[in-house]
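Architecture and fold: a report
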Amino acid sequence: MKTLALIIDDEPDIRELLEITLERMDIECRSADCVESALALLKKETFQLCLTDMHLPDGSGLDIVQAIQKYYPKTPVAVITAYGSMEVAVTALKAGAFDFVSKPVELTRLRDLIRNAIKLSGVTPLKAEEDSRLLGLSPAMQELKETIRKLARSQAPVYISGESGTGKEVVASLIHDLGPRAEKPFVPVNCGAIPSELMESEFFGHKKGSFTGASEDKQGLFQAAHEGTLFLDEVADLPLTMQVKLLRAIQEKTIRPVGHSKEIPVNVRLLSATHKDLAAEVVAGRFRQDLFYRINVIQARIPPLRDRGDDCIYLANNFLAKLSQDWGITQPKLSSAAQTALKQYSFPGNVRELQNILERALTLCEGSEVLPEHLQLMESPAMLNIGHSNNSQPNLTALTPLNGTDASLEDYLLNIEKNLIIKALDDSRWNRTAAAKKLGMTFRSLRYRLKKLGLDDDNGDDDGEG
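Residues numbered from 1 in each chain as written. Predicted model: local features only at pLDDT ≥ 70, side-chain atom pairs only at ≥ 80, totals over all residues. Heavy atoms only, no water.

Tallied over the entire structure, the rule returns seven aromatic pairs. Taking the centre distance of 6.4 Å and the plane angle of 50° together, the rings of F203 and F222 count as tilted. Taken together, the positions of F203 in helix 9 (residues 199–204) and F222 in helix 10 (residues 221–224) put the pair 19 residues apart, joining distant regions of the chain. By the burial criterion, F203 is buried, and F222 matches it. (Phe/Tyr/Trp six-rings, centres within 6.5 Å; stacked < 30°, edge-to-face > 60°. Helix = DSSP H or I, 4+ residues; strand = E, 2+ residues; numbered from the N terminus. Buried < 20%, exposed > 50% of the residue type's maximum accessible area, 1.4 Å probe, protein only.)

Here it is as structure tokens:
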């Protein structure tokens, strides 16, 4: 069946240009010069794509976007805007437009837009195996999954907000995988992990010899994500100088590698996220307002685990099942007391913290049930008394502090755990069997933790058993 597109524009020259371009791509066209005639055509035939001008004699392209969203939601609609009318384009994207193209129309950009729109007709709904990356039965999670499905059909920039550990990269990867760019690269980057002096080179690439140490040409992140999706995690950590260059790359859809004299066109879907309040960062002057409006066209908010009702129990059972399968052991069940403890816990580290809690509990659990003491929740005295059978408190002031005030809860807990284990090993002259007994855990549990914390420097032999 041949692909059918609807073109809506009151300028005959623009209609002719679009028709020629589409027909060369083996796409059949129907044309309209106003809102009324366009709506009549939409009632008669099924279209796989709609291109509409924003300014029409009897209305606006937004009228077309809203009508298609309401009555023909499977038809992607792109708008044609006047040059520099970014506010209009953003309004259209928020109303449900798939994408936009500015006048004068660049044919390369137009063809890319058309290809991505046509691919949407072959995109399948969220499947069970894909859904397993975003577990949850609560109304908040069902709403988020529906939002992801809608966002996947758009090319609008998306800002994913949520606390640390809620799964922002998982949401970003799902938006990519369920959209028309699924077969192209998904490139995640942690903006806070790139040294400021290397940031321009990392994002845009560089030419050999452009600076000291540039021994060969390097492709940047934008080029690596060409025709795919670029996910900027912790975007609030970008320095202001880089924010200016990023804004230009987004607006112009071109980049200039360090040392190059020419601009290179790039076609990427931009997703971004941070655990910080980006609006507050704008007010504080640490994040550019114009960049904020460009990346925050549509927002997807991930609820914290404490607002997801019984999802913590559902997730805990899923994590226990997966861990037990990976470790080749019989899955213990969560005792009713452990379930109550989890429901009452605030989970400042969200889903990531829950995973760590269950991983730790499984190493401590020797029977068929996970008990509250195996969970070692942060608010429990057991978290600070682990392995101290004489009830003496460990000297927390002697623990190595984490650098910086923004250290995650996960790093903080691992730091405490590491120091307690090292102390037990030192007290037992690194006899691991004796250290495990002192810590109140099995030798197997200790060996697993040593490996996880990077303290296991041998081949895993039971040197403490003899």
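Next, the rest of the story.
Quick look at the pattern of salt bridges now. Under the defined criterion, the tally for this structure stands at 24 salt bridges. In this structure, R30 engages E45 in a salt bridge whose closest nitrogen and oxygen atoms are separated by 2.9 Å. Here the residue R30 occupies a position in strand 2 (residues 28–32), and E45 occupies one in the loop between helix 2 (35–44) and strand 3 (49–53), the gap between them amounting to 15 residues. One salt bridge connects E263 with R248, and the closest N-O pair in it is separated by 3.1 Å. (Salt bridge = Lys/Arg side-chain N within 4 Å of Asp/Glu carboxyl O.)

For the rest of this paragraph, the subject is the confidence of the model for the protein chain. Per-chain confidence: the protein chain averages 84 in pLDDT, with 87% of residues scoring 70 or above. Across the protein chain, the element-wise mean pLDDT spans from 39 in helix 18 (residues 382–385) up to 96 in strand 10 (residues 229–233). Throughout residues 380–405 the model reports pLDDT below 50, and contacts reaching past four residues in sequence, or to other chains, amount to 30 contacts. (pLDDT = per-residue confidence, 0-100. Contact = heavy atoms within 4.5 Å.)

Now for the sheet that holds strand 8 (residues 158–161). Judged by pairing direction, the sheet is parallel, and its five strands sit side by side in the order 9-10-13-8-14 without closing on themselves. Either end of the sheet is taken by a strand with one partner, and the two such strands are strand 9 (186–190) and strand 14 (298–301). Ignoring which end each strand starts from, the neighbouring axes of this sheet average 20° apart. Sheet contacts for helix 8 (residues 168–177): strand 8, strand 9, strand 10 and strand 13 (269–274); angle to strand 8, the most-contacted strand, approximately 150°. (Pairing = 2+ DSSP bridges. Axes fitted to C-alpha atoms, helices over the stretch in contact; angles between N-to-C directions.)

Our focus in this paragraph is the sheet that holds strand 6 (residues 77–81). With parallel pairing, five strands are arranged side by side in an open sheet as 2-1-3-6-7. Here the strands that pair on one side only, and so sit at the sheet edges, are strand 2 and strand 7 (99–102). Ignoring which end each strand starts from, the neighbouring axes of this sheet average 20° apart. Helix 1 (residues 12–24) rests against strand 1 (4–8), strand 2, strand 3 and strand 6 of the sheet, and its axis sits at about 165° to strand 2. Relative to strand 2, helix 2 is tilted by about 140°, and along the sheet it contacts strand 1 and strand 2.

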